[in-house]
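Understanding the architecture of this molecule
Take a look at the letters that make up each chain.
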Amino acid sequence: MLNLGVLASGRGSNFQAIIDAIAWGVLPAKIKVLVTDNPEAYAIERARRAGIPWHYFDPKGFKNKEEYEKEIVKTLLSYEVDTVCLAGYMRLIGKPLLSSFPMRIINIHPALLPAFPGLHAQKQALDYGVKIAGCTVHFVDEGMDTGPIILQAAVPVYDDDSEESLSERILEQEHRILVEALRLLSENRLLVEGRRVRILPDGGEGHGK
Ligand code: GAR
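Residues numbered from 1 in each chain as written. Predicted model: local features only at pLDDT ≥ 70, side-chain atom pairs only at ≥ 80, totals over all residues. Heavy atoms only, no water.

Rule in force here: UniProt positions are given in the numbering used here, feature names are shortened, and annotations may be inferred rather than shown by experiment.
Per an unreviewed UniProt entry, the protein is named Phosphoribosylglycinamide formyltransferase, and its organism is Carboxydothermus hydrogenoformans. The Function (unreviewed entry) comment attached to the protein in UniProt states, word for word, "Catalyzes the transfer of a formyl group from 10-formyltetrahydrofolate to 5-phospho-ribosyl-glycinamide (GAR), producing 5-phospho-ribosyl-N-formylglycinamide (FGAR) and tetrahydrofolate." Listed under Pathway (unreviewed entry) in UniProt, the entry text for the protein is "Purine metabolism; IMP biosynthesis via de novo pathway; N(2)-formyl-N(1)-(5-phospho-D-ribosyl)glycinamide from N(1)-(5-phospho-D-ribosyl)glycinamide (10-formyl THF route): step 1/1."

1. Overview of the overall build of the protein
We apply this condition: Counting from the N terminus, the helices are the DSSP runs of H or I reaching at least four residues and the strands are the DSSP runs of E reaching at least two. Between the two quantities, the radius of gyration covers C-alpha atoms and the globule rule is 2.2 Å times the number of residues to the power 0.38. Burial here depends on accessible area, computed with a 1.4 Å probe over protein chains only, as a share of the maximum for the residue type. Under 20% is buried, over 50% is exposed, and the range in between is partly exposed. Residues are treated as being in contact if the distance between any of their heavy atoms lies within 4.5 Å. Each accessible area is a Shrake-Rupley result for a 1.4 Å probe, and residues are judged covered by the shown protein chains and nothing else. Counting rule applied: Lys, Arg positive; Asp, Glu negative; His and chain ends not counted. Charge positions come from single atoms, namely NZ of Lys, CZ of Arg, CG of Asp or CD of Glu.
A count of helices and strands for the protein gives six helices and nine strands. A compact globule built from 209 residues should have a C-alpha radius of gyration of about 17 Å, and the protein, at 16 Å, falls within 12% of that. For the C-alpha atoms alone, the extent of the protein along its principal axes is close to 50 × 40 × 35 Å. Each of the 209 residues in the protein was classed as buried or not, and the buried ones make up 50%. Of the contacts made within the protein by residues no fewer than 6 positions apart, 60% connect residues no fewer than 24 positions apart. About 10500 Å² of surface is accessible on the protein, with carbon and sulfur atoms providing 53% of the total. Where the 24 positive side-chain charges of the protein centre and where its 28 negative ones centre are 4 Å apart.

2. Regarding the domain arrangement of the protein
The extent of an interface is frequently quoted as the accessible surface area lost upon association of the parts. To keep it simple, the criterion reads: The start and end points of each domain follow an automatic or database-based domain assignment. In short, buried area is how much 1.4 Å probe accessible area vanishes from two parts on joining, totalled over both. A carboxyl oxygen of Asp or Glu within 4 Å of a side-chain nitrogen of Lys or Arg is what we treat as a salt bridge. Whenever a nitrogen or oxygen atom comes within 3.5 Å of another N or O atom, the pair is scored as a polar contact, on the condition that within protein one atom can donate a hydrogen and the other can accept it, and that pairs from neighbouring residues in sequence are kept only if both atoms are in side chains. Ten residue types, Ala, Val, Leu, Ile, Met, Phe, Trp, Tyr, Cys and Pro, are classed as nonpolar, four, Asp, Glu, Lys and Arg, as charged, and the remainder, Gly among them, as polar.
Domain parsing of the protein yields domain 1 (1–101) and domain 2 (108–209). Computed over C-alpha atoms, the centres of domain 1 and domain 2 are 19 Å apart. The partner domain 2 presents 16 residues to the 21 residues of domain 1 that form the contact. Area buried by domain 1 at its contact with domain 2 is led by Asn-14, Leu-92 and Leu-98, which between them contribute 30% of it. Counting across the domain 1 and domain 2 interface gives zero salt bridges. At the boundary of domain 1 and domain 2, one finds two residue pairs in polar contact (both at pLDDT 80 or more). Listing elements by their share of the side of domain 1 that touches domain 2, those giving two or more residues are strand S1 (2–8), helix H1 (13–23) and strand S4 (83–86). For the side of domain 1 that touches domain 2, the leading source of residues is H1, giving five residues. The residue makeup of the side of domain 1 that touches domain 2, split by class, is 16 nonpolar, four polar and one charged.

3. So, the packing of aromatic side chains
Quick note on the threshold: For Phe, Tyr and Trp, rings pair up if their centres lie within 6.5 Å, where Trp contributes its six-membered ring, and each pair is then called stacked (planes under 30 degrees apart), edge-to-face (over 60) or tilted (otherwise).
The final tally for this structure, using the stated rule, is three aromatic pairs. Arranged with centres 6.5 Å apart and planes meeting at 75°, the rings of Phe-57 and Phe-62 form a pair that is edge-to-face.

4. Some words on the site of the ligand
This is how it is decided: One heavy atom within 4 Å of a molecule or strand makes the whole residue count as near it.
Inspection of the region around the ligand gives Arg-11, Gly-12, Ser-13, Asn-14, Gly-88, Met-90, Ile-108, His-109, Pro-110, Gly-118, Gln-122 and Glu-174 as its neighbouring residues. Between an oxygen atom of the ligand and a side-chain N or O atom of Arg-11, the distance comes to 2.6 Å. Glu-174 places a polar side-chain atom, nitrogen or oxygen, 2.7 Å from an oxygen atom of the ligand. Here the ligand, which alone exposes 450 Å², has 91% of that area covered by the protein. Those elements giving two or more residues to the shell around the ligand turn out to be H1 and strand S5 (105–109). Mapped onto the domain boundaries, the shell around the ligand takes at least three residues apiece from domain 1 (1–101) and domain 2 (108–209).

Structure (structure tokens):
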């Protein structure tokens, strides 16, 4: 059973996918708290509807990024969070969070990493002209979308795709693999060996590092 803290900056459809998976009984987890850096994030409305506590912290209201993250860590720990999920959280994660949750922070990214890290990944893929796009769930390290990869899913890119149509096709897969990765984590089935993450058979005891 995971005690999840979710960090989100916007629409929150990935956050919703987690809420739904828990409600349907396919993910043994509890979302203890949502933290957002955006007071306009629709994710807040989703938290309200689901009865999940949420906190907004304005990064500009802190002396520096470290102080901002320390506040987030304090909040997550006060809710007894053991696993952090970045669900459309648009900031690079720093030391305070990484050292408080080693190999317990996962991120969903809308590209087949290591291709197209950072912002506007779907547009990057279209502009590059790839024929296959997709998404990646990975453990978070100090880099930009560089941590060990847990799961990926591929989708075709069509000639008449716009950024919106491609993003929508990828998003469907994001929701699926994010929930699947969390489920594997909840079952202790992810074994991190350097950069490689092995998925252990049912009943396996995984561990980080
Ligand atoms: C998703 O496509 C997610 O992969 C992406 O932001 C979107 C958030 O959608 N994240 C990143 O680009 C992080 N680098 P959502 O708010 O509906 O989940």
